[in-house]
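Structural description and commentary
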Amino acid sequence: MIGAIAISILMLESGLTLVSQVADPVEQRSFTSLYACKDPGEKHRLADAFINRYPQSWLLAQAYDAAARSSIDLGNYQVALAEAHFSLRLLRENPSLLVLAANLEAKAGRYADAITDARDALEYLDRFVRPGNISQQHWDRVKPQLKSSAYFALGRGLVASGRGHEGELALDQAAAWNSEDAEVFYLRALVETALHEPAKAAADLVFVAQSSSPLAVKAQAELPDKAQRTLSKPFIPPRDRPMETQPSVALTAGYAGSAACQNCHAHEYATWRETGMAKMLRPFKSENVIGDFSPGTTFKEDGAEDAAVRMGVDARPYFEVRSHSGTWTRFHVDYTIGSKWQQGYATKLPDGSFQVLPIEYNRVQKSWVNYWEMIDPSGSQRAVIADFPELRSATNYQENCAVCHTSQLRAAIDSPTPMQHAIFREGGVDCEMCHGPSALHIKQMRSSGVNAKPTLEPPVDFRRINNKDGVRICAQCHAQTAVREIGSGGEMNYSIETSYVPRSWGRNYDEYSRRAFYKDGRFRETTFLVEAFTRSACYRRGDAQCATCHAPHVDDFSANLASLKNHDEPNEMCLKCHGQIRTKLAQHTHHKINSEASQCVSCHMPRIVNALLFKARSHEIAVPTADLTERFGQSESPNACLLCHIEKDARWAQEQLRAW
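One structure accompanies this document, and this report is about it.

What counts, and at which threshold
Residues numbered from 1 in each chain as written. Predicted model: local features only at pLDDT ≥ 70, side-chain atom pairs only at ≥ 80, totals over all residues. Heavy atoms only, no water. Helix = DSSP H or I, 4+ residues; strand = E, 2+ residues; numbered from the N terminus. Buried < 20%, exposed > 50% of the residue type's maximum accessible area, 1.4 Å probe, protein only. Contact = heavy atoms within 4.5 Å. Areas by Shrake-Rupley, 256 points an atom, 1.4 Å probe, with all protein chains shown as cover. Lys, Arg positive; Asp, Glu negative; His and termini not counted. Charge placed at Lys NZ, Arg CZ, Asp CG, Glu CD. Phe/Tyr/Trp six-rings, centres within 6.5 Å; stacked < 30°, edge-to-face > 60°. Lys NZ or Arg CZ within 6 Å of the ring centre and 35° of its normal. Pairing = 2+ DSSP bridges. Expected span 1.5 Å × (residues − 1). Axes fitted to C-alpha atoms, helices over the stretch in contact; angles between N-to-C directions. Parallel < 35°, antiparallel > 145°, perpendicular 65-115°, else oblique. Left-handed = near helix turned anticlockwise from the far one by under 90°. Nonpolar A, V, L, I, M, F, W, Y, C, P; charged D, E, K, R; others polar. Core = buried A, V, L, I, M, F, W, Y, C linked by side-chain atoms within 4.5 Å. Disulfide = S-S within 2.5 Å.

So, the overall build of the chain
Scanning the chain for helices and strands turns up 30 helices and 16 strands. Its C-alpha atoms put the chain at 95 × 70 × 60 Å along the principal axes. Of all 660 residues assigned to the chain, the portion counted as buried reaches 48%. Counting contacts in the chain only where the partners sit at least 6 residues apart, residues at least 24 apart contribute 58% of the total. With the model as given, the accessible surface of the chain reaches about 32000 Å², and the carbon-plus-sulfur share is 52%. With 73 positive and 77 negative side-chain charges, the chain shows a separation of 2 Å between the mean positions of the two kinds.

Overview of the packing of aromatic side chains
Scanning the entire structure with this criterion turns up 27 aromatic pairs. Seen in terms of ring centroids, phenylalanine 319 and tryptophan 368 are 5.5 Å apart; in terms of plane orientation they differ by 80 degrees. Their pairing is edge-to-face. Of this pair, phenylalanine 319 sits in strand β4 (residues 317-322) while tryptophan 368 sits in strand β10 (residues 367-369), placing them 49 residues apart in sequence. You'll find phenylalanine 319 and tryptophan 368 in the same group, each marked buried. Between tyrosine 361 and tryptophan 368, the aromatic rings sit 5.2 Å apart at their centres with planes inclined by 75 degrees, giving edge-to-face as the arrangement. In this structure tyrosine 361 comes out as buried when scored by relative accessible area, which is 11%. Ring pairing ties together the aromatic residues Tyr124, Phe128, Tyr509, Tyr512, Phe517, Phe523 and Phe528, which thus form one cluster. Over the ring of tryptophan 328 we find arginine 310, and its NZ or CZ is 3.8 Å from the ring centre. Sitting above the plane of the tyrosine 318 ring, arginine 330 keeps its charged end 3.7 Å from the centroid.

Side note on the sheet that holds strand β3 (residues 309-313)
Spatially, the 4 strands line up as an open sheet ordered β2-β3-β4-β5, and their pairing is antiparallel. Looking along the sheet, the strands with just one partner apiece sit at the ends: β2 (298-299) and β5 (328-332).

Section: unusual backbone geometry
In the segment running from proline 458 into proline 459, the intervening peptide bond is cis, with an omega of -5 degrees. Among the secondary structure elements, proline 459 is positioned in the loop between α20 (439-446) and α21 (467-478). Positive phi is not limited to glycine here, since histidine 196 has a value of about 65 degrees. With respect to the helices and strands, histidine 196 occurs in the loop between α11 (182-194) and α12 (198-209). On the basis of relative accessible area, histidine 196 is assigned to the exposed category, the value being 69%. Even without glycine at this site, leucine 391 takes up a positive phi of about 55 degrees. Tracing the backbone through its elements, the reader meets leucine 391 in the loop between α16 (371-375) and α17 (397-400).

Observations concerning the environment of valine 184
Positionally, valine 184 belongs in helix α11. Note: C-alpha distance between valine 184 and alanine 67 (117 residues apart in sequence) is 27 Å.

Focus on the environment of alanine 650
For alanine 650, the location among the structural elements is in helix α30 (residues 650-658). In this structure the C-alpha to C-alpha distance between alanine 650 and alanine 559, which are 91 residues apart in sequence, comes to 36 Å. Setting aside its immediate chain neighbours within four residues, alanine 650 contacts Ala626, Thr629, Glu630 and Leu642.

Let's talk about the side chain of threonine 629
You can see threonine 629 is positioned in helix α28 (residues 627-632). Ignoring anything within four residues of it in the chain, the contact list for threonine 629 reads Gln634, Ser637, Pro638, Asn639, Leu642 and Ala650.

Side note on α11
Spanning 13 residues, α11 covers 19 Å between terminal C-alpha atoms, matching the ideal 18 Å at 1.5 Å per step. Where the residues of α11 are buried, they touch α9 (136-160), α10 (164-177), α12 and α13 (216-222). Two residues or fewer past α11, histidine 196 is found with a positive phi of approximately 65 degrees.

Some points on the pairing of strand β15 (residues 607-610)
Sheet topology note: the β15/strand β16 (residues 615-617) ladder contains 3 bridges and is antiparallel. Paired with arginine 607 across the strands is arginine 617, a residue of β16. The loop that links β15 with its antiparallel partner β16 comprises 4 residues; one of these, leucine 613, has a positive phi angle of about 65 degrees.

Focus on the packing of α11 against α12
The geometry of a pair of packed helices is captured by two quantities: the angle between their axes and the separation between those axes. With their axes 8 Å apart at the nearest point, α11 and α12 run at an angle of 155 degrees to one another. Classified by the interaxial angle, the pair formed by α11 and α12 is roughly antiparallel. Note on packing geometry: the crossing formed by α11 with α12 is left-handed. Contact residues: α11 offers Ala182, Phe185, Tyr186, Arg188, Ala189, Glu192 and Thr193, while α12 offers Lys200, Ala201, Asp204, Leu205, Phe207 and Val208. Broken down by class, the residue content of the contact of α11 with α12 amounts to 8 nonpolar, 1 polar and 4 charged.

Describing the nonpolar core
Counting residues in each nonpolar core, the largest one holds 78 residues, and the members touching the most others are Leu59, Leu90, Tyr151, Leu154 and Val208. The greatest single-element share of this core, amounting to 9 residues, is contributed by α9. Listed in part, the 18 residues of the second largest apolar core include Val289, Val333, Ile359 and Phe388.

A short note on the state of the cysteines
One pass over the structure, following the stated rule, counts 0 disulfides. Unpaired in this structure, cysteine 474 has its nearest cysteine sulfur neighbour in cysteine 546, at a distance of 3.8 Å.

Considerations on the environment of aspartate 510
Following the sequence through the fold, aspartate 510 ends up in the loop between β14 (505-506) and α22 (529-533). Overall, aspartate 510 belongs to the buried group, its relative accessible area being 11%. It is 12 Å that separates the C-alpha atoms of aspartate 510 and serine 20, two residues lying 490 residues apart in sequence.

Comments concerning the packing of helix α3 (residues 25-36) against helix α4 (residues 40-53)
As a packed pair, α3 and α4 sit with axes 9 Å apart at the nearest point and diverge in direction by 155 degrees. The pairing of α3 with α4 is recorded here as roughly antiparallel in orientation. Of the two possible hands of crossing, α3 and α4 adopt the one that is left-handed. In this structure, α3 contributes Val26, Glu27, Ser30, Phe31, Ser33, Leu34 and Tyr35 to the contact, and α4 contributes Lys43, Leu46, Ala47, Phe50 and Arg53. Among the residues making up the contact of α3 with α4, the classes are represented as 7 nonpolar, 2 polar and 3 charged.

Here you go:
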């Protein structure tokens, strides 16, 4: 199957989008030359030279990718697989390389690895939009071939693992996505023969025998009867696109609002009201303001002599912002944004749009900060405080913030600026953003009661749904890469079609600033929470979802700002699945039982992610390693051991982990 798809077609051009972020012009030219080279031998030589000269480059994943593809062209499959694995270690979400790796693994008899990589490739092909520098026309040709090749490797792995019927289904999809590939039909014929399906096998063999494939001669020899060569065409099933269904009655009945939940779910409602989600956007009340607006308070930008913002209170708190001309303009606080670690403020304009004020108050540091300057790429317009009085779209709340900070947001489709004038049912994240529209449920409870229903029909009970669906619900707000589309009725963060959770694709990771990542591929910013978690084996091979550890209905939220289910005994969140460690914790951790180092999260979810001026825990739950720390250094590949043992180095950590 490797030879059935041109490697040049499979090559995804992600490296070119990153070159501009590399500071060294010589390094840029070296990679560009590597990318442009067409001869496999010379390309591999250039890839090796680049890797050896720039062992800490941001472009290592792409360089190893190019090396692997060149090795395949040269027939060096074992070398190619090693190169592909290192590239995928730095950037797992590379479906074209996963497809190649899966086929190489199947060829080498590494069937479990082939199954894993093929399934990952298929997931990412259905999760991410096309790469930004590949045309839609080109992607429409490439994607079906990628899916077919992934299903081929998956089918081959499943069959060889003794799961013939599952393998046959995978090969059915391989045929559906590329109905001209004789190799797919030949392998499927062998499987059908083994499964005692002679008519189907004969139809596939006829197809191969009549093709120009090198397998045609073998297929002709294996046909049981020459007369069968006139059989009908082989079976081609529908492609595995999600089935379109009509909206459920519960969805079409609509939303009732969070207050309607209070009567029957008093405890859940009361505890939710105390959470950060419920308090994400609130109309101004003096008791909700955490920022320092005392008279005389000012904010100066780094290196500036004069204040950029003055704070004060008249009827309510206000900001006075200085423009480029030196003019001061006053904006009152009409809404508070956030309540836990940091709080922003919005002012409402006469036309109904909100503008987010240019600085926020950080509770941890007890100071005002220019948050946009901290999180945006250099050159961000909205980080320029003196621009704020111009009230640009970059600081408009509805367009930039409300999709995650409000509930049932709908664009004003009759307005010339529909997103900037969007309206919402409730500020913050309400009950129905997570559980779905509840109007029908309330109506039923007031009459005959609720009948049995599908698990994903609203209102959703998170205890009954699988982990993929559970994470998908949370990803509405906690996935940075989500590409959002406005629905036919203006829906921006909910749906009225087949599910209340909008179908969203992800933007490819190479389209983000490198400051969002460590050089070892892990996420550096907490805004990529779901993306990090979905890399974890607990999610990919287990049943873990966000609700495994977190709940928006905890009784002690003021002392449990992360809404942890086992706040006082955090190891219990892990031991529920890893119970074999419970009685030998010290043996497992090599530290005293009651020490910080014997907390599961200390090693497997270290505090290495930038949050609101503090380090949050990585949600890429993983076993610590140190070889990449040796390559990139602790600053670009932080090792959990060295967060405590700061006097040691990566080599020491690697030796300790080898002996674990």
